Amino acid sequence: MFVHLHCHSHYSFLRGVASPDEIIAAAVEQNMSAVALTDTNGMYAAVPFYTKAKHAGIKPIVGVTLDVKFRISSDEFRNSPSVPITLLAMDTDGYSNLCQLTTLRQLGTTKLASLAVPANAGKRHATPGAFTQNAAAAETDGRPAALEELAKHSRGIIALCPLPARVHDDGNRTGTIRRAPHQSPVAIYFSQLKQIFADRLYIEVQHLSASDGRTIREAERLGRALGIPLVVTNNVHFLRLEEHLHHRAVNAIRAGGLLTTVAPPEITSAEAWFKPVAEMQKCFPDHPEWLEATIEIADGCNLQLELGKLILPEGSVPDGESAFSYLWKLSFDGARKRYKPLRPEVLSRLTHELEVIEHWKLAPYFLLVSEIVQEARRRGIPAIARGSAASSMVTYCLGISRVCPLRWGLYFERFLNERRGDCPDIDIDICGARRDELLDYVYEHWGAEHVAMIGSFITMHARLAVREVAKVFGVPPGEVDRFTKRLPHRPVREILQAIRQLPECRDLPIDEEPWKTILQVARRLRSRALP
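Residues numbered from 1 in each chain as written. Predicted model: local features only at pLDDT ≥ 70, side-chain atom pairs only at ≥ 80, totals over all residues. Heavy atoms only, no water.

**Concerning the nonpolar core**
Threshold: Residues enter a nonpolar core if they are buried and are Ala, Val, Leu, Ile, Met, Phe, Trp, Tyr or Cys, with the set joined through side-chain atoms within 4.5 Å. Only protein chains enter the calculation, and the probe is 1.4 Å; a residue is then buried if its accessible area is under 20% of its type maximum, exposed if over 50%, and partly exposed in between. Going along the chain from the N terminus, every DSSP run of H or I of four or more residues is numbered as a helix, and every run of E of two or more is numbered as a strand.
Counting residues in hydrophobic clusters, the biggest one holds 80 residues, and the most contacted among them are Ile85, Leu87, Leu150, Tyr189, Phe190, Leu193 and Phe274. Counting residues per element, this core draws most heavily on helix 6 (residues 185-197), which supplies seven residues. Counting 36 residues, the second largest nonpolar core, distinct from the first, contains Leu14, Ala249, Leu259 and Leu508.

Written out as structure tokens, the structure is:
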């Protein structure tokens, strides 16, 4: 038997094709008991993947493919500065350590506690049409993890490490590894990894091309010499064989090149699809134990995430006060200033809101937001709440909002109610000219190790998807503009139907190449996440 332990979704930005949901569906279709999500240097889809796999009756294995520094000094590997190691969480300790390792990699530092305040915190704005440049920049963000960091954060993690490909080798153009002595650079590297992971280390082998045979034989020799078991994966980047074109297209977008010019290592083999068990057995007919090792690893991964529980920061309150009692005091102090006299409807509304806030234990959240807004006011930085937060009398009395909900007939239940247990979203508009100054205060006041910027993703829709795919197909910019400007603003899945129905689009050459294939690829890539 076999399960896939190395799968990339479209959260491996502009590398993978399938969504996490589609990977789960493929595992269900092929009657696999488990499946792993191991996106490149990120865990953006880990929680939704976990919950949806559980719902589908598939065991979710949360992991990441992390670049790890290859530190052995050797001319043979001087152009291979890192090795992509697949790390799988066995339990909550492992999940926590994966989060730590990916954060360290993205921030490009070895000590979270000593982080400097980001000079450009919050300056990155995602705008349609700008993702190609952002994607290229994302490739240089961060740096490979160090072995010391792996050692510090190895608890609860299973590691699958391939043999590092030798990029610079005048005598061997295949990019594979020749047989090396026991103390070769590769053997030393795996010995170091074994010291870190012990029996949780596996040598990862793949059969994605004819030239992989030599690498597999070398991996077998190395595993035998060092006592490290081997495991089979398929480096899944797309679901079906015919989707290699889609994988090439998104990688060409990432690399800023054409389909005809983007080549390995930017793209992976056409064999890197979600193969059924029978196909994997054909690749390794003489070593069923390597395929069965995937089941052994899956059995060892038993992550249980405690979801749906709010974890709020503990703010500073005066001695003798709790977060709720202090929020009560500040709210009524604010009410006395804003309502003269304090009418019964004010007291009733404010008391009700505070009771709901206490019911959900959200007082620390309101105090935190209030502290940020008050600091902005002290510095003369315009900051005001917008959206549903303006429906709350508590936010009005705290000065977070400047809209009286009674005057305008705004219902608190639109913002928060006793049946809604998720954390309310208090959106604050801050003066753009001094926004970074306030962000610097947040990092300094609460400590950079306790503050994180929220990530946001661009997704490909309609015109954008068609435009970017057409570019990598080599269509001249003028022709791309003429075609896409006539497209209706519809979801990609509806674009062909809309083109056939709208008079202004009927003469578009949608049944002629390359537009026929471009539209097919664009439809498959709809709503794919981009950095």
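What follows continues from the structure just given.
**Side note on the packing of aromatic side chains**
Condition: Centre distance within 6.5 Å is the pairing criterion for rings of Phe, Tyr and Trp, where only the six-membered ring of Trp is used; planes under 30 degrees apart are then read as stacked, over 60 as edge-to-face, and the remainder as tilted.
Within the structure shown, the criterion is met by 12 aromatic pairs. With a centroid separation of 6.0 Å and 80° between ring planes, the pair formed by Tyr365 and Phe366 is classed as edge-to-face. Just as Tyr365 is buried, Phe366 falls in that class too. Where Phe412 meets Phe415, the ring centres are 6.1 Å apart and the plane angle is 65°; that geometry is what we call edge-to-face. Residue classification places Phe412 among the buried positions, given a relative accessible area of 1%. Taken together, the ring pairs in this structure connect Tyr365, Phe366, Phe412 and Phe415 into an aromatic cluster.

**Quick word on the pairing of strand 7 (residues 383-386)**
Spelled out, the test is: Pairs of strands are assigned from DSSP output, requiring at least two bridges between the strands.
Side-chain alternation along strand 7 places Ala383 and Ala385 on a buried face and Ile384 and Arg386 on a face that remains uncovered. Across four bridges, strand 7 lies against strand 8 (residues 427-430) in antiparallel orientation. Each bridged residue has a counterpart across the sheet, and for Arg386 the counterpart in strand 8 is Asp427.

**A word on the sheet that holds strand 6 (residues 230-232)**
The criterion, for reference: In this analysis, axes come from line fits to C-alpha atoms, helices being fitted only over the stretch in contact, and the angle between any two N-to-C directions falls in the range 0 to 180 degrees. Contact criterion: two residues are considered in contact whenever any of their non-hydrogen atoms come within 4.5 Å of each other.
Within the open sheet, the six strands sit side by side as 1-2-3-4-5-6. Their pairing is mixed. Two strands close off the open sheet at either side, each with one partner strand: strand 1 (34-40) and strand 6. Going across the sheet, the axis of each strand differs from the next one's by a mean of 35°, ignoring polarity. Bridge analysis of strand 1 against strand 2 (residues 59-69) gives seven bridges, and the strand direction is parallel. By the bridge assignment, Leu37 is partnered in strand 2 with Val62. Helix-sheet contacts for helix 3 (residues 92-107) involve strand 2, strand 3 (82-89) and strand 4 (157-161), and the interaxial angle to strand 2 is about 35°.

**Thoughts on the pattern of salt bridges**
Think of it this way: side chains of opposite charge can pair up when their charged atoms draw near. To keep it simple, the criterion reads: By salt bridge we mean one thing: a side-chain nitrogen of Lys or Arg within 4 Å of a carboxyl oxygen of Asp or Glu.
In the structure shown here, the tally under the stated rule is 27 salt bridges. When the shortest N-O distance is used, the salt bridge between Glu266 and Arg254 registers 3.1 Å. Here Glu266, found in the loop between helix 8 (244-255) and helix 9 (277-283), pairs with Arg254, found in helix 8; they are 12 residues apart in sequence, far enough to count as distant. The closest approach of N and O atoms between Arg486 and Asp507, which form a salt bridge, is 2.3 Å. Remark: Asp507 occurs in the loop between helix 18 (495-501) and helix 19 (515-524) and Arg486 occurs in the loop between helix 17 (477-484) and helix 18; sequence separation between them is 21 residues. On the accessibility criterion, Arg486 (34% relative accessible area) is partly exposed. With relative accessibility at 55%, the residue Asp507 sits in the exposed group. Three or more residues are tied together by salt bridges with common partners; here these are Glu22, Arg240, Glu242, Glu243 and Arg524.

**Observations regarding the packing of helix 1 (residues 20-29) against helix 2 (residues 46-55)**
Two quantities define a packed helix pair, namely the angle between the helix axes and the distance between the axes. The condition that has to hold: Oblique is the label for any angle not covered by the other classes, which are roughly parallel (under 35 degrees), roughly antiparallel (over 145) and roughly perpendicular (65 to 115). For a crossing to be left-handed, the near helix must be turned anticlockwise from the far one by less than a right angle; the clockwise case is right-handed. Following the grouping adopted for this structure description, the nonpolar residues are Ala, Val, Leu, Ile, Met, Phe, Trp, Tyr, Cys and Pro, the charged ones are Asp, Glu, Lys and Arg, and the polar ones are all others, Gly among them.
Where helix 1 contacts helix 2, the two axes come as close as 10 Å, and the packing angle between them is 30°. Our classification of the angle between helix 1 and helix 2 gives roughly parallel. Classified by chirality, the crossing of helix 2 by helix 1 is right-handed. Where helix 1 approaches helix 2, its residues Pro20, Asp21 and Ile24 are matched on the opposing element by Phe49, Lys52 and Ala53. Taken together, the residues of the contact of helix 1 with helix 2 sort by class into four nonpolar, no polar and two charged.

**As for the confidence of the model for the protein**
This is how it is decided: For every residue, the predictor reports its confidence as pLDDT, a number between 0 and 100.
On average, residues of the protein carry a pLDDT of 86, and 86% of them reach 70 or more. For residues 109-140, every residue scores under 50 in pLDDT, and the model assigns this stretch 50 contacts once sequence neighbours within four places are set aside. Every residue in residues 167-181 scores below 50 in pLDDT, and together they form 32 contacts with partners more than four places removed in sequence or on other chains.

**Digging into the environment of Val403**
Note on placement: Val403 falls in the loop between helix 14 (393-398) and strand 8. Of the residues examined, Val403 reaches a relative accessible area of 29% and is grouped as partly exposed. Along the sequence, Val403 and Ile384 sit 19 residues apart, while their C-alpha atoms lie 9.9 Å from each other. With near-sequence residues (within four places) excluded, Val403 lies in contact with Ala390, Tyr396, Trp408 and Leu410.

**Points about the side chain of Arg349**
By the element assignment, Arg349 lies in helix 12 (residues 344-359). Discounting chain neighbours no more than four positions away, the residues touching Arg349 are Ser391, Met393, Pro405, Leu406, Leu410, Tyr411 and Phe412.

**Some details on the environment of Asn251**
The cut-off we apply is this: Pairs of N or O atoms are called polar contacts if they sit within 3.5 Å, as long as, within protein, a hydrogen donor faces a hydrogen acceptor (for residues adjacent in sequence, only side-chain-to-side-chain pairs).
Examined against the element boundaries, Asn251 turns out to sit in helix 8. For the pair Asn251 and Thr268, spaced 17 residues apart in sequence, the C-alpha to C-alpha distance is 9.6 Å. Contacts of Asn251, omitting those with residues within four sequence positions, involve Leu14, Arg15, Val262, Glu266 and Ile267. One polar contact links Asn251 to Arg254, side chain to side chain, over a distance of 2.5 Å.

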